[in-house]
Amino acid sequence: LDNFSEASMAISGESTLVYQEVARKVQREKGIRVINFGIGQPDLPTFRKIRNAAIKALDEGFTGYTSAYGIDELREKIASHVNTLYPNGKPVKKEEVIITPGAKTALYLAFLLYVNPGDEVIIFDPSFYSYAEVVKMLGGKPVYVKMKWAEETGFSLNVSELEDKISSKTKMIVLNNPHNPTGMVFDPKEIENIMELAKEKSIILLSDEIYDYFVYDGRMKSILEDPDWRDYAIYVNGFSKTFSMTGWRLGYVIAKEKITKKMAELAANIYTCPTSFAQKGAIAAFDAFDEVKDMISLFRRRRDVMYEELKKNKWIKVHKSQGAFYMFPYIGEILSRANIQVKDFAIKLIEEAGVTTIPGEVFPLEVGKNYLRLSFAVDENDIREGVRRINEFTTRLM
Ligand code: PLP
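Residues numbered from 1 in each chain as written. Predicted model: local features only at pLDDT ≥ 70, side-chain atom pairs only at ≥ 80, totals over all residues.

Under an unreviewed UniProt entry, the name given to the protein is Aminotransferase, and the source organism is Stygiolobus caldivivus. If you open the UniProt record of the protein and go to Subunit (unreviewed entry), you find "Homodimer." (UniProt positions renumbered as here; feature names shortened; annotations may be inferred.)

Next up, the structure:
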């Protein structure tokens, strides 16, 4: 029973859970309330009308399997929603939409569909950890492109390095905008350059736009704005963040019909279909954009508070987040002066200051070694208190 498959051994395990575990221990043993900036989900309950629609579906007995694509009514809602948002090209049809159990599964299906052993997939460093893990699981090779950073402008995508990293084995480029963990909304020009590059070199562009509603500054460029996106791109989004539905496990892919059809075949053999009554709830999400708007205003205020509080710390360099709900401050100076690694710093921060963060290194490699990820999907008073604790702790450490 100990001879696990190569696929399962290729992944390194979910390392962010360690920090929540330490936090629980500190809370239990020291009796202090740990403030949690480590979470990757909105702190609000799922909006009432969505919950009601799912409850109604349950009460009416909508509890059986659905099509592997998900239910038509939801696929149609998604298609008409993106057609309103991005009216440029040939409209998206429901056949080009497949509902999945979370955006993670959408990404998984996309990788599964294309990555053969030895294929290279270009992933930005830093990035959401799961991209590289799944690529490795399938025998593919993540090829990292380091983002560039400056305090004034934040991270940029470094398209020239990306171009240098393209080889005959490059199968895909993974793009995430707005970005986890940096909180960047990338310059539309940079996104356009990557779209051009993918098109020109026949590389599949996998675009994870799950934070598309979380934009506070700047303009978010979607791949669906290009009338020719079907020639080279796969679009991923989901309900988890925008509608605070992380536990419902609902995401989706938009891609040309040949792709969604093959994905449905894979889905039928892996998980059959997304949860039936959850899908009925998601239909009502399209009537909840007023609630989404209120949530984004709330998050914008929280972002401003976190930024102002972090700015008070002279040892930290921080670029104001423009999107998602993360701040990604540079703490390299603290780490080198205190001669400590970012992971140990994050543990000490929980144990000695009562604040949970995620060390940048888990996203997934080099660049993050000098950064911390802080989520501002947290009550405003807790943001003030938590950052005050961080500032006090770093002063003590220096
Ligand atoms: N993509 C990014 C960039 C994320 O940050 C997350 C969640 O943290 C996901 C995808 C996964 O979302 P889901 O809950 O829909 O699987």
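So, next bit.
A. Local environment of the sheet that holds strand 9 (residues 233-238). Within the open sheet, the seven strands sit side by side as 2-10-9-8-7-3-4. Their pairing is mixed. Strands with a single pairing partner mark the edges of an open sheet, and in this sheet they are strand 2 (97-100) and strand 4 (141-146). When strand polarity is set aside, the average angle formed by the axes of neighbouring strands in this sheet is 25 degrees. In terms of strand pairing, strand 9 meets strand 10 (residues 251-254) through four bridges, oriented antiparallel. Across the sheet, the residue bridging to asparagine 237 is tyrosine 252, located in strand 10. (Pairing = 2+ DSSP bridges. Helix = DSSP H or I, 4+ residues; strand = E, 2+ residues; numbered from the N terminus. Axes fitted to C-alpha atoms, helices over the stretch in contact; angles between N-to-C directions.)

B. Looking closely at the sheet that holds strand 11 (residues 326-327). One open sheet holds the three strands; their spatial order is 11-14-13, and the pairing between them is antiparallel. Only two strands of the sheet have a single partner each, and these edge strands are strand 11 and strand 13 (358-359). When strand 13 meets strand 14 (residues 372-375), the two strands line up antiparallel, connected through two bridges. Residue isoleucine 358 lies in a different strand from strand 14, and its bridge partner there is arginine 373.

C. Broad picture of unusual backbone geometry. A cis amide bond links aspartate 125 to the next residue, proline 126, at an omega of 5 degrees. Following the sequence through the fold, proline 126 ends up in the loop between strand 3 (120-125) and helix 6 (130-137). Note the cis peptide between asparagine 177 and proline 178, where omega equals -15 degrees. Here proline 178 shows up in the loop between strand 7 (170-176) and helix 8 (188-201).

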